Structures are given as C-alpha cells and as structure tokens.
Amino acid sequence: MQPSTSPARSPHPGSWQDRPAAQQPDWRDHPDHSEAVRWLASAPALVTAAEVRRLRHTLAGLTATDELLLQLGDCAESFYECAPRHVTGKLRLIDRLADRLHELTGRSVVRVGRMGGQFAKPRSRETEEHGGVTVPSFRGHMINSEPAGPVSRRADPRRMVWAYEASAGVQHVMREYRRTRGDGTGDTTMADGPWSSHEALVLDYESRLIRRDPETGDPYLASTHLPWIGERTRGPDDAHVALLSRVANPVGCKLGPTADPDDVLRVCDTLDPRREPGRLVLIPRMGHDRIRQALPPIVRRVADAGHPVIWLNDPMHGNTVRSSLGLKTRHLTAMITEALRFRDIVEEHGRRPSGLHLEVAVDDVTECVGGPVRDEDELRRRYTSLCDPRLNPDQATELIEAWAKGTATTR
Ligand code: PEP
Ligand code: CO
C-alpha cells in the first residue's frame, strides 16, 4: 500500500484532522483499522503526565543554564529488540555517552533515548527494488516489516497495537531504570532521564494517545515524553504541527537544509505561542556542506522573535551518502564538521548550542565510515540497521569528544 498525502485544507484553523498529512500509511480500508484505533483510544497512557511535566521543567532550566541535552538511539526500533536486556543495554549506552560528555564539559547532561516508540519511519521513496522486484518501502514496525516481500511490506493497522504493547514494555524498563538509578528523587544535578522520544509520525496512532493531565487538566501526548516532528512533515500548516500544538509535552522539530526562516518562525509561533522555555527543541540536520549557508538566517529569525528554543544538532541525516557498494552510509568526518559548524553558528548568534541528536547502535556495527571502520569496504561486516546507518559506540564517543573539545582537524 502507498502512503497518501491529502491536499485538503482545513476550514477550521485550529483542527489537524483535515490538514495535509504527509507520510501516512494508506490502511483505512483494512478490516482491522477501526478496531485498532478504537483500542488505542481507550488504552492507558504509556508515559505519565507527571513525567512529561518533569521533563519540561528540566528543559526549561536547560534554556537558562549551560546544561546539555543528548538524544540518541536507533533510527528505527525493532519489535524484536524490546526485551529488558535490550532496553537496559540501550539505557547504559546513553548513560555512558552522556557521562563522557559530562566529564569533558563539566556540565550536567539531560538524557533522552530515541526509544520506547520509535517504530515509524518517513521515507523519501515509496517503493524499493529488490532483485528486480518493486516492493513498498519499509516504514517501521508500526506500519510494515522489513523482509522485502509483498505481504511483509503491506501496511497493517494492527501493528499500531503491537507498537503500543512494545512501547509499554520499553517504558516499564525505562521507568525502573530511572527509579533505581536514583534520579527519581528530583536531584537533577548530575543526570536527568533517560526519557523517551520518537518521531510523532503516524497520526492514527498519536492522535488516539492524547490524554488529560489529571493535575492541570491540559492535554498531553501519552505515547512518549518528547515527540518530534520530522523534516518531511514540518509544514507550518500541516497536520503534524497542528496536532502537537495541542499537547503540553516538550516538542522537537527537525530542520533540513531547505527550511525557510519564515516557515520555521511560523512553526515556532504555532508550537510555542507563549514563548515558554523548555517547550521547543529545534534540531537542524542540514549537512556539513550546507549548514553554514542555511542555518544562520534561521537562528537570527528565531532569536529576533524572542523564541527561547533549545538548539540541538542532528549531524546524521544531512550527511547520508550511498557507498560504492550501494549501501547507505555516513562519514564521521562530515558529521563532526557539521556538529562543530552548528556549535559555532549558534554561538555567533549569542545562543547556546545545547547538544546532539544521534543515531547510535548498542552493538559494534559497521554502518558509518570512520574510527574503527576505516573505509567503505568494511561496511558489509556488521550492517544490521533496519533503516539509516548508525554510529557504533566508538564512533559516537569520537563524535561526542570532538564536539565537547571543539578541536577536530576538520573544522
Ligand atoms: C530520523 O530521525 O530518523 C529521520 C527520518 O529524520 P529526518 O526527519 O530529519 O529526516
Ligand atoms: Co534516521
């Protein structure tokens, strides 16, 4: 099935339902669709309102101090890697990398995983070729599955229920980890989190998981602590921005190299009309060769308008290239260059670069080139990503160290 994009415009400026929504699975005719969304609408919250309030409070503090934010995890989570041992491994990796950042900078680091719901992927192409056969693209385990056949690639709305159940398991382990690590006490001097985050992509899923905060009465998105809007769905008049404008969570938004400063400002005005610190995280992912041209006018415009956003750099998604073997890859040198350029640009505008958003595997994968992966010939050894090429832990450490010290030779 193909994703559909509805060109319809809403007659009601506040509503998201009739707005254009890119990257949505076309599964409304599936016999289980209505049952699946009904089930989600009555399911318990996956994250509590108190947790979401706590993260917002932490991020509000981060805007005013020199604390850092580190957000990382898989490009696409797998249903098959949600057992406690997988989740604990990911949480330990997040802590290990954040501890290193803390050690090098002396600043406390707020920790956020791309996990606990990162099951839906936007794709640039609707189909892929496999051995001469054209099949729909893999779109994450919430939508279809990765084996390249017509049945496995069919969008199935029951997968939303399975994604919910998988997320519930991950959130449970994350909550226990936060509790036993001792940060449930309110002491945020050293470490806060790890909190969950994912791209809020599938509207059938996210819109059914809005709940009321029992204390404030405000709606919040109960699928994750920190939802973000992807590069392909950030249109200021589009459904994703409208939906997330309704919830009290902190919200992220990716910004690619073609982002227009006026559009970014409209997104800021919609998501954060009251200019509240801790509400909005802007995540440029522009590419090492484009960030110097594309980012300054955006930082200037957002700063002049008085939006107290958190600036985070994703040095992964603007630096994806095809290797000579045909595999998607990213070069560590390019990623370090983007991250350092990001830091300089934000500082030059009198704003604070608050950290990095990374795709990192727990295992010693060979998906990106750099560090222990010396060239593209080594990529085939352990390339296990469901979607984009991730850094392995050594490569992530090198990137974080370069960013912290600001002394990479590529600068
Ligand atoms: C991602 O984070 O995996 C992703 C698809 O990012 P972007 O929306 O920035 O392309
Ligand atoms: Co990705």
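Residues numbered from 1 in each chain as written. Chains lettered and ligands numbered in written order. Predicted model: local features only at pLDDT ≥ 70, side-chain atom pairs only at ≥ 80, totals over all residues. Heavy atoms only, no water.

A. Representation of the site of ligand 1 within the structure. Every residue close to ligand 1 is listed here: C75, R114, K121, P122, W228, G230, E231, R232, K254, R285, H317 and E359. One nitrogen or oxygen atom from the side chain of R285 is found 2.7 Å from an oxygen atom belonging to ligand 1. Contact distances for ligand 1 include 2.9 Å between an oxygen atom and a side-chain N or O atom of H317. Burial of ligand 1 by the protein chains amounts to 98% of its free accessible area of 300 Å². If you map ligand 1 onto the pockets, it falls in the largest pocket. Looking at the shell around ligand 1 residue by residue, the class counts come to 3 nonpolar, 2 polar and 7 charged. (Near = heavy atom within 4 Å. Polar contact = N/O pair within 3.5 Å; in protein donor to acceptor, adjacent residues only side chain to side chain. Areas by Shrake-Rupley, 256 points an atom, 1.4 Å probe, with all protein chains shown as cover. 1 Å grid on protein atoms, 1.4 Å probe; cavity = no way out; pocket = protein on both sides within 12 Å on 5 of 7 lines; lining within 4 Å. Sits in = over half its atoms within 2 Å of the grid points. Nonpolar A, V, L, I, M, F, W, Y, C, P; charged D, E, K, R; others polar.)

B. Layout of the packing of aromatic side chains. In the structure shown here, the tally under the stated rule is 2 aromatic pairs. Plain terms: the ring middles of W39 and Y164 are 5.1 Å apart, the flat faces sit at 85° to each other, and that makes the pair edge-to-face. On the criterion of sequence distance, the pair formed by W39 in helix α1 (residues 33-41) and Y164 in helix α4 (residues 158-180) is long-range, its members being 125 residues apart. Residue classification places Y164 among the buried positions, given a relative accessible area of 5%. (Phe/Tyr/Trp six-rings, centres within 6.5 Å; stacked < 30°, edge-to-face > 60°. Helix = DSSP H or I, 4+ residues; strand = E, 2+ residues; numbered from the N terminus. Buried < 20%, exposed > 50% of the residue type's maximum accessible area, 1.4 Å probe, protein only.)

C. Focus on the environment of L91. With respect to the helices and strands, the residue L91 is situated in helix α3 (residues 84-105). For L91 and S196, which are 105 residues apart along the polypeptide, the C-alpha to C-alpha distance reads 10 Å. L91 has contacts with M115, V173, M174, Y177 and P194, leaving out every residue within four places of it along the chain. (Contact = heavy atoms within 4.5 Å.)

D. Representation of the UniProt feature "binding site: phosphoenolpyruvate" (unreviewed entry) in the protein in the model. Look at the UniProt record and you will see "binding site: phosphoenolpyruvate" (unreviewed entry) annotated at R114, E231, R232, K254 and R285. Filtering the just-named annotated residues for those lining the largest cavity gives R114. Structurally, R114 can be placed in strand β2 (residues 109-114). Looking at the element boundaries, K254 is found in strand β9 (residues 251-255). Its relative accessible area of 5% is what places K254 among the buried residues. K254 has contacts with R114, W228, I229, G230, E231, R234, I283, R285, D314, H317 and H357, leaving out every residue within four places of it along the chain. (UniProt positions renumbered as here; feature names shortened; annotations may be inferred.)

E. How the structure looks around the nonpolar core. One finds L70, L282 and W311 to be the most contacted residues of the largest nonpolar core, which totals 83 residues. In terms of residues, this core owes the most to one element, α4, which gives 9 residues. With residues up to four places along the chain from it excluded, the contact list for L282 reads C253, L255, V264, C268, V302, V309, I310, W311 and L312. Membership of the second largest hydrophobic core comes to 12 residues, among which are L62, V112, V281 and I310. (Core = buried A, V, L, I, M, F, W, Y, C linked by side-chain atoms within 4.5 Å.)

F. Focus on the coordination of the cobalt ion (ligand 2). Bound to the cobalt ion (ligand 2) are the protein donor atoms C75 (SG), H317 (NE2), E359 (OE) and D388 (OD), situated 2.1 to 2.4 Å from the metal. Linear spacing of the donor residues for the cobalt ion (ligand 2) on their chain is C-x241-H-x41-E-x28-D. With H317 in the loop between β11 (310-313) and β12 (320-322) and D388 in the loop between β14 (353-359) and α10 (393-405), the pair connects residues that are 71 residues apart, well separated along the chain. For the pair H317 and D388, one class covers both residues: buried. (Donors = N, O, S within 2.8 Å, 3.2 Å for Na, K, Ca; no water.)

G. Geometry of the environment of L72. Inspection of the secondary structure assignment puts L72 in strand β1 (residues 68-73). The class for L72 is buried, based on a relative accessible area of 1%. Along the chain, L72 and A396 lie 324 residues apart, while their C-alpha atoms are 9.8 Å from each other. Apart from residues no more than four positions distant in its own chain, L72 is found in contact with I94, L97, V112, G113, R114, L358 and V360.

H. Region of interest: helix α2 (residues 49-64). Taking 1.5 Å as the rise per residue, α2 with 16 residues should run 22 Å; its terminal C-alpha atoms sit 23 Å apart, in good agreement. Within α2, the full set of buried residues consists of A49, E51, V52, L55, R56, T58, L59 and L62. (Expected span 1.5 Å × (residues − 1).)

I. Highlighting the UniProt feature "binding site: Mn(2+)" (unreviewed entry) in the protein. Feature annotation in UniProt places "binding site: Mn(2+)" (unreviewed entry) on C75, H317, E359 and D388, given in this structure's numbering. Across 314 residues of sequence, these annotated residues stay compact in space, with a maximum C-alpha separation of 10.0 Å. Of the annotated residues named above, the ones that line the largest pocket are H317, E359 and D388. Among the structural elements, C75 can be located in the loop between β1 and α3. On the accessibility criterion, C75 (0% relative accessible area) is buried.

J. Focus on the pattern of salt bridges. Counted by the stated rule, this structure contains 37 salt bridges. In this structure, R107 engages D66 in a salt bridge whose closest nitrogen and oxygen atoms are separated by 3.9 Å. Of this pair, R107 sits in the loop between α3 and β2 while D66 sits in the loop between α2 and β1, placing them 41 residues apart in sequence. We classify R107 as partly exposed; its relative accessible area is 28%. Between R330 and D388 there is a salt bridge, and its shortest N-O distance comes to 3.3 Å. You can see R330 sitting in strand β13 (residues 328-330) and its partner D388 sitting in the loop between β14 and α10, a full 58 residues away along the chain. Of the two residues, R330 and D388, both sit in the buried class. The network of salt bridges with shared partners includes R114, K328, R330, E359 and D388. (Salt bridge = Lys/Arg side-chain N within 4 Å of Asp/Glu carboxyl O.)

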